[in-house]
Amino acid sequence: MGAVYGNEAHLGQVLKELEAKEGCLRSLEKLDCKYINLYWHWPGVEGLDPGDSRHSEYRAQSWAALEEFYASGQFRAIGVSNYTAKHIWELLMSCRVAPSVPQIECQPKIIQRKPRDLCTLYFGFRFNVYYWMCNGGVLGDGEVMDIVRSCGRTPAQVLLRWAVQQGISVLPRSSQPCRVQENAQVFDFQLSEMDIVRLDALNCGTRFCKRDSSKVA
Ligand SMILES: NC(=O)c1ccc[n+]([C@@H]2O[C@H](COP(=O)([O-])OP(=O)(O)OC[C@H]3O[C@@H](n4cnc5c(N)ncnc54)[C@H](OP(=O)(O)O)[C@@H]3O)[C@@H](O)[C@H]2O)c1
């Protein structure tokens, strides 16, 4: 390699793709599995400044690597995690395989309208969300408690119903069997449109995930 050959950019791209493939192979090896059901991709590269313009290029290269693993059957599905609307749009404009199930933090304090609309209205796929309870941060909120009283459900059920009723998929985790049962009982009641509007109005951009992907270029 050398400047005189004018091939650094191409070699850089090949090396990045190889790095991504190595990461995928390491995951398969560590899990000791022939295939992985769903592999997620984070939008940024570790060690790079969030505003670095190379994130976008590296994202595309990593996704190309994931597409190869998908084509070979080693990844049964490939998804994106914590992608913003911009990241998703960029990916959808260039990918061969569209991401299945984008995963993002979404709860009444950060309702993620833009990426949700982009995915559901324009491309017809659903979101999977985590931190649906804001680490407990909205459970005692006045608006939530008003709705809890009016529908006779628990705060957790109201928050889960808020998501489910808008077509958002949630995989709530609990170490307590009674809570697992409680969380499953959200398909036998409805929130009113006004309840949804009131919960949406809690949106203030507060996220509980320590890593913030919204600044990743
Ligand atoms: N892509 C990402 O960056 C990212 C980030 C975070 C998480 N995730 C993924 O999202 C999934 C879920 O996240 P998570 O594990 O943090 O779980 P979660 O479902 O968002 O929250 C779990 C917490 O909620 C509590 N809880 C559950 N049901 C409750 C109820 N009915 N009442 C009160 N508290 C209740 C649990 O406590 P108890 O156990 O005591 O009930 C636990 O502390 C995981 O698969 C995780 O890997 C992804």
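Residues numbered from 1 in each chain as written. Predicted model: local features only at pLDDT ≥ 70, side-chain atom pairs only at ≥ 80, totals over all residues. Heavy atoms only, no water.

Spelled out, the test is: UniProt positions are given in the numbering used here, feature names are shortened, and annotations may be inferred rather than shown by experiment.
The chain is annotated in an unreviewed UniProt entry as LOW QUALITY PROTEIN: glyoxal reductase from Cyprinus carpio. Checking UniProt for the chain, the heading Sequence similarities (unreviewed entry) contains the comment "Belongs to the aldo/keto reductase family."

## Considerations on helix α4 (residues 113-123)
Note the cut-off: Classification of residues uses two cut-offs on accessible area relative to the type maximum, computed with a 1.4 Å probe and protein chains only: under 20% is buried, over 50% is exposed, and between them is partly exposed. Numbering of helices and strands runs from the N terminus; a helix is a DSSP stretch of H or I covering at least four residues, while a strand is a stretch of E covering at least two. As used here, the arc belongs to the directions running from the helix axis to the C-beta atoms. Pairs of residues are marked as contacts when any of their non-hydrogen atoms sit within 4.5 Å.
Pro115, Arg116, Leu118 and Cys119 are the residues of α4 that are buried. Projected down its long axis, α4 shows its buried positions confined to an angular sector of 165 degrees, all on one face. Turned more than 90 degrees from where α4 packs its buried face, Lys114, Leu121 and Tyr122 sit exposed. Close packing links the buried residues of α4 with α3 (85-94), β3 (103-105) and α6 (155-164). Taken from the residues just after α4, Gly124 is the one with a positive phi, measuring 70 degrees.

## A few points about the site of the ligand
Basically, it comes down to this: Nearness of a residue to a molecule or strand requires only that one of the residue's heavy atoms be within 4 Å of it. Polar contact criterion, stated in full: a pair of N or O atoms within 3.5 Å, where within protein one must be able to donate a hydrogen and the other to accept it, and residues adjacent in sequence count only if both atoms are side-chain atoms. Here a cavity denotes a set of grid points, spaced 1 Å apart and computed over the protein atoms alone, in which a 1.4 Å probe fits but from which it cannot get out, and a pocket denotes an open set meeting protein on both sides within 12 Å along at least five of seven lines; residues with an atom within 4 Å of a point are reported as lining. Criterion for pocket placement: a molecule counts as inside a cavity or pocket if more than half of its atoms are within 2 Å of its grid points. Under the grouping applied here, Gly and all other residues not named as nonpolar or charged are polar, the nonpolar ones being Ala, Val, Leu, Ile, Met, Phe, Trp, Tyr, Cys and Pro and the charged ones Asp, Glu, Lys and Arg.
As a structural note, the neighbourhood of the ligand is formed by 17 residues, with Trp132, Arg173, Ser174, Ser175 and Arg179 the closest of them. A distance of 2.8 Å is found between an oxygen atom of the ligand and a side-chain nitrogen or oxygen belonging to Arg179. Measuring from a nitrogen atom of the ligand, one finds a side-chain N or O atom of Glu182 at 3.2 Å. In this structure the site holding the ligand corresponds to the second largest pocket. Across the shell around the ligand, the residue classes break down as seven nonpolar, seven polar and three charged.

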